[in-house]
Amino acid sequence: MTIKEQMSSKTITIVALVTALSLLGDSMLYIALPIYWQSVGIESLWQVGVLLSINRFIRLPFNPLIGWVYKQISLKTGLIIAVLLGGFTTIGYGVFEGFAAWVLLRALWGIAWSFFRIGGLSVVALYANQNKRGKSMGLYNGLYRTGSLVGMLIGGLLVPLIGLSTVAIGFGFVTLLGLPFIVKANMTHDHESTEKKNETNKARPFIGKKGYKASIIVSGFLIAMLYQGILTSTLSAMIAHFYGERISILNMVVSVTLLSGTIQAVRWTWEPFLGRAVGHWSDGSTGRLPMFIVSLMFAGIVFGMISLRLPLAVWIVITLLVMAGATILTTLLDTIALDTAKTTNVVSFLTVYAISQDVGAALGPAMSYLFIQFQAGFAHLYWGGGIILLLLAMIWSVLSRRLDASVKGFNKAI
């Protein structure tokens, strides 16, 4: 690895770890706020639901604005803004009480996350070596998501002992510890040269076409809707529906929320390793699209099977396979998006991509609870999701053949 590649990898790692620190407080809330909401002046459970979702909805109108802001400032400046907003809003959870104050804090956190998401994807797009972009994307996704794991585990451990407010203030100051690392990070080349971008366009002309870009945006929307929206919001409800609210595992009785939280925590545990491995494999001679297509087919089958009433041990294994599918698909699609972003304005395309994911994640819960109120609602919801993934596999198979044809045509022309 050259010195330049080492510096680029270090920059991506720093941004990922600082992002992980920023997620501590947000992830802790998903575990603690539904139980300790009264301690921070929240008056009812419906307000908890609003507070845990408003940060997603606020990103929908703000993502385009933040994408525009990134065109006016450097990536480093945008990430500094993200750290400051993330740190002070997390401290705010421990300082302020009441629904109105928390709505403002959660909205500000949503804006901070938009700066992190668009800025982080842009850093990987601009600094990852072309032949190692998948590995870099897997590393970035895996590292920053460890913040969710640590936030849930440490938050779940400490909040009952010292209180939500104290933990929030502590996590806020930990978030701000990332500030000097961003300030010192080497981000001297925010924008790729036009000459290099033109070389990418000439070598792989098909990925710059509108239809290919639209397929990435639609896929980002659907995959986020299925995994971030539907699966995350209905996993506990599905466990309770099939197995009851108290479940016996190895002669131990556990709650639905504990089992659901443990299953999702397992994903964050393997994410740095599986994501990086998948990204590395996709950098090989076979390419990303064949692996992405096979993964969509696999994911489509197991996503539907999760709605079957099976022995609990078998159901848990299938659910873990669904979680693995989420890691694989997210890593591959993010990397495919980065490949395409290199043929156009990086920040603009990644802003649209981030918006599509946020819309999908926001619509998923609403769609879920519309379906599951009906008889066999879980089956319709999850087998419908499986069919969507299989249809995406068919669409990407066609795109893969067209991409191969365009590359062969280019090679013949030269």
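Preceding this paragraph is the structure being described.
Below, the structure is looked at part by part. Along each chain, residues carry numbers from 1 onward, in the same order as the chain's sequence is written. At least 70 in pLDDT is required for a residue's local features to be given in this predicted model, at least 80 for side-chain atom pairs to be given and counted, and no such filter applies to totals for whole chains, interfaces and linings, which use all residues. Side-chain measures were taken over the full set of non-hydrogen atoms in the model, leaving aside hydrogen atoms and water.

Notes on the overall build of the protein chain
Counting from the N terminus, the helices are DSSP H or I runs at least four residues long and the strands are E runs at least two residues long. What the protein chain contains, in helices and strands, is 14 helices and 2 strands. Taking all 414 residues of the protein chain together, the buried fraction comes to 53%. Looking at the protein chain as shown, the accessible area adds up to about 18,100 Å², and 69% of this sits on carbon and sulfur atoms. Any residue under 20% of the maximum accessible area for its type is buried, any over 50% is exposed, and the rest in between are partly exposed; the area is computed with a 1.4 Å probe on protein chains only. Methods summary: accessible areas were calculated by the Shrake-Rupley approach with a probe of 1.4 Å, and residue burial reflects only the protein chains presented.

Brief notes about the environment of Lys 10
With respect to the helices and strands, the residue Lys 10 is situated in helix α1 (residues 3–36). For the pair Lys 10 and Asn 186, spaced 176 residues apart in sequence, the C-alpha separation works out to 8.6 Å.

A word on the packing of helix α3 (residues 75–95) against helix α4 (residues 99–127)
All axes are obtained by fitting lines to C-alpha atoms, using only the stretch in contact for helices, and the reported angles, taken between N-to-C directions, cover 0 to 180 degrees. One can describe the packing of α3 onto α4 by two numbers: an axis separation of 8 Å at closest approach and a directional angle of 150°. When the axis of α3 is compared with that of α4, the two are roughly antiparallel. The interaxial crossing formed by α3 with α4 has left-handed handedness. Only Asp, Glu, Lys and Arg are considered charged, only Ala, Val, Leu, Ile, Met, Phe, Trp, Tyr, Cys and Pro nonpolar, and every remaining residue, Gly among them, polar. Broken down by class, the residue content of the contact of α3 with α4 amounts to 17 nonpolar, 7 polar and 1 charged. To sort the angles, those under 35 degrees are grouped as roughly parallel, those over 145 as roughly antiparallel, those from 65 to 115 as roughly perpendicular, and the leftovers as oblique. Crossing handedness: left-handed means the near helix sits turned counterclockwise from the far one by under a right angle, and right-handed means the same turn made clockwise.

Things to note about a nonpolar patch on the surface
Candidates for patches are residues over 30% relative accessible area with no salt bridge; among them, like charges are joined within 9 Å and nonpolar side chains (Val, Leu, Ile, Met, Phe, Trp, Tyr) within 5 Å. Here, a salt bridge means any side-chain nitrogen of Lys or Arg that lies within 4 Å of a carboxyl oxygen of Asp or Glu. Nonpolar side chains collect at one region of the surface, where Val 150, Leu 153, Ile 154, Leu 157, Leu 158, Leu 161 and Ile 162 lie side by side and expose about 620 Å² of accessible area between them. Structurally, Val 150 is set in helix α5 (residues 133–162). Under the relative-accessibility criterion, Val 150 is labelled partly exposed at 39%.

What about the nonpolar core?
We define a nonpolar core as any set of buried Ala, Val, Leu, Ile, Met, Phe, Trp, Tyr and Cys residues linked to one another through side-chain atoms lying within 4.5 Å. Ranked by size, the top nonpolar core spans 110 residues in total, and within it Trp 102, Tyr 227, Trp 315, Leu 389 and Trp 396 carry the most contacts. The element that contributes the greatest number of residues to this core is α4, accounting for 15 residues. Contacts are assigned to residue pairs that have any heavy atoms within 4.5 Å of one another. The contacts of Trp 102, once residues within four sequence positions are left out, are Leu 29, Leu 33, Val 40, Ile 42, Leu 51, Tyr 93, Phe 96, Glu 97 and Leu 164.

Notes on the packing of aromatic side chains
Here a pair means two rings of Phe, Tyr or Trp (six-membered ring of Trp) with centres within 6.5 Å. Their orientation is stacked below 30 degrees between planes, edge-to-face above 60, and tilted elsewhere. In this structure the tally under the stated criterion is 13 aromatic pairs. Following the ring pairs from residue to residue traces out a cluster consisting of Trp 109, Trp 113, Phe 116, Tyr 140 and Tyr 144.

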